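# Working through the structure, step by step
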Amino acid sequence: MTEIVMSQTPPILHGPSEKERKYDRQLRLWAASGQAALESANILLVNSGPGTVGVETLKNLVLPGIGRFAIYDEARVEEADLGVNFFLDEDSLGKPRSESLTGHLLELNPEVQGDWYPNENVKTLDSLLTSSPVFTTIIYTHPITPEDLSLLESHGQQHQTPLVAIHSAGFYSYFRINLPGAFPIVDTHPDETATTDLRLLTPWPELAVFAEELTKNIDDLSDFEHGHLPYAVILLHYLERWKAEHDGSYPSTYKEKTEFRRIVQGAARTQNAEGGEENFDEAAAAVLKTLVVPSLPSGLKEIFEYERTNPAEQKSGFWVIADAVKAFYEKHKCLPLPGKVPDMKAQSKVYIQLQNIYKAKARKDAAEILETVQATAGGQTIDPAEVDLFCKNAAFVKLINATTGKISRADRLKEVAAQEFRNDEQAEMTLQPLSLLPIYLAMQATAHQVETEDGRGWPRQEEVLARVAKMVPGADENERVRQAVEEVARAEGGELHNVAALTGGMVAQEMIKIITKQYIPIDNTCLFDGISSRCQILRL
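What comes next is a walk through the structure. Just so it is clear, the structure is predicted and the values come from calculations on it, not from any experiment.

Rules of the game
- Along each chain, the written sequence defines residue order, and numbers are assigned to residues from 1.
- Local features in this predicted model are restricted to residues of pLDDT 70 or higher, and side-chain atom pairs are both shown and tallied only at a pLDDT of 80 or more, whereas totals for entire chains, interfaces and linings draw on every residue.
- In computing side-chain values, all of the structure's heavy atoms are included and hydrogens and water are not.
- Cavity: a set of points on a 1 Å grid over the protein atoms alone where a 1.4 Å probe fits but cannot get out. Pocket: an open set with protein on both sides within 12 Å along at least five of seven lines, its lining residues, like those of a cavity, having an atom within 4 Å of a point.
- Grid points are joined across faces, edges and corners, and a volume is the space filled by probe spheres set on the points.
- Put simply, DSSP marks the helices as runs of H or I at least four residues long and the strands as runs of E at least two long, and each gets a number from the N terminus on.
- Under the convention adopted here, Pro, Cys and the residues Ala, Val, Leu, Ile, Met, Phe, Trp and Tyr are nonpolar, Asp, Glu, Lys and Arg are charged, and Gly plus all remaining residues are polar.
- Stacked, tilted and edge-to-face pairs are distinguished by plane angle, under 30 degrees for stacked and over 60 for edge-to-face with tilted covering the rest, among Phe, Tyr and Trp rings (Trp via its six-membered ring) whose centres lie within 6.5 Å.
- Only protein chains enter the accessibility calculation, which uses a 1.4 Å probe; a residue whose area is less than 20% of its type maximum is buried, one above 50% is exposed, and one in between is partly exposed.
- For a lysine, the NZ atom is tested; for an arginine, the CZ atom; a charge sits over a ring if that atom is within 6 Å of the ring centre and within 35 degrees of the ring normal.

This part takes up empty space enclosed by the protein. Empty space among the atoms can be located by rolling a probe the size of a water molecule over them. Inspection of the entire model under this criterion finds 1 cavity of 30 Å³ or more. Roughly 40 Å³ of internal volume is contained in the largest cavity. Lining of the largest cavity is provided by Tyr-140, Glu-153, Leu-163, Ala-165, Arg-176, Asn-178 and Arg-409. Mapped by element, the contributors of at least two residues to the lining of the largest cavity are strand 5 (163-169) and strand 6 (172-178). Across the lining of the largest cavity, the residue classes break down as 3 nonpolar, 1 polar and 3 charged.

What follows covers the packing of aromatic side chains. Applying the stated criterion across every chain, the model contains 7 aromatic pairs. With centroids separated by 5.1 Å and ring planes inclined at 90°, the aromatic side chains of Trp-204 and Tyr-358 adopt a geometry described as edge-to-face. Pair noted here: Trp-204 is in the loop between strand 7 (183-185) and helix 8 (205-215) and Tyr-358 is in helix 17 (residues 348-374), with a separation of 154 residues, a long-range link. The burial state of Trp-204 is the same as that of Tyr-358; both residues are buried. Pairing Phe-304 with Tyr-329 gives two aromatic rings, centres 6.5 Å apart and planes at 45°, and the pair type is tilted. With Phe-304 in helix 14 (residues 298-305) and Tyr-329 in helix 16 (residues 317-332), this pair connects stretches of sequence that are 25 residues apart. Residue Phe-304 shares its accessibility class with Tyr-329, and that shared class is buried. Through a chain of ring-to-ring contacts, the aromatic side chains of Tyr-306, Phe-318, Trp-319 and Phe-390 assemble into a single cluster. The cationic tip of Lys-361 hangs over the ring face of Trp-204; the distance from NZ or CZ to the ring centre is 5.7 Å.

Next comes the structure, spelled out in structure tokens:
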């Protein structure tokens, strides 16, 4: 009788899910955690004026998959809307604009939910804000009534909700991000080349022993072994030689580092088949970049020195971790090790050993900080993954809007205007780009729906200049300000779809950074000149 041997059924390989295929490219940018934050977001758009730029912003948030949005727009669709808004058609005429816009936006992504207001149940902006769950972010477009703006700002401050103001008129636009207090970003996605931290000037025992073991008979190594020493090990070996010959000090000046690099280059074997050694070339190229004394980055220093006055900040897990990292730095005079080792020519076995040494030290540093966090009031509920992420990115953590409240917005505008106008005087002589602040002044003077002197619904050029002079005394005498005012007055609040679409894309990009808390958003105003196709970011 023949025995039949059944082979084991191989496991079923599961490919990417439908959602992973749909959002594949953006998942590579902000990963599953960022996508989850996006899908839990609830965005409110308070739409006014022509209403194009706000909808273009929402379009660029619906496509990547925000969870929910709401549009509050008191206007009804008119003939003029059809020429500037791709999300309205002839069937929309006479209908509430918010209803038509919501319906067409939802067609872009069935996974997104949307609501429109005012409706039979919610008739005012005040009742919407009172009855709705807290919004993740609120967008509003200019021109807006002072009453509605005051309502939004009060709501944003009360609920710690970021506000984004957008204004588009003619060839000009700007948007401003108003964050509720200091806004920390841990996952800033720095360039990989900037994150290399090998600690070659302050090696810990395990690393020093590993390097010594590989190089103790360096001159007797075979060409293969010599040509596959990791460059970190090579540098550690010759640093010890330098230290022995220079009274225990490492190369610190540019001249000394150049001399040290020459020594490393001269140690490469050239009588081999390759005529040189790639690993020694890597070591020489890394001298200036890696032989750096550990120091406190400016961004982290700002965080350590930041005075927290907001009660919400005191309870934040970010600040508990930041305090623990500060204690670690004060104790060890260095930041926790990120633990990442760059690519380098080496035998696979040796490279993996080196990686494990760095990973073990990184885990040890993170464990020490986690212990401090958990010993702090409120620290027991903090996810260890948050601590780990902070440790890996400690050198690149960024605090946005850190100086909020220290100077009024009106005084800040005057200071910036004075500085920008002085810079323009120098720029004209050096042929540098001129400031776009005149565009902001002209548009800000028309940012609110107020009654004009002649009742025509839009201020004339002289009236806009008078408003500019109230904001920044003397600015109305500036020729470039007068030119910007002339263009804004000529546009009479009308939007150009291409300018609105481009601006909406920029706003959505910055909002995604805020929602996901990844990458660094602008701080805090972006101006766009469609005539010269140029942007400028100012802190106003």
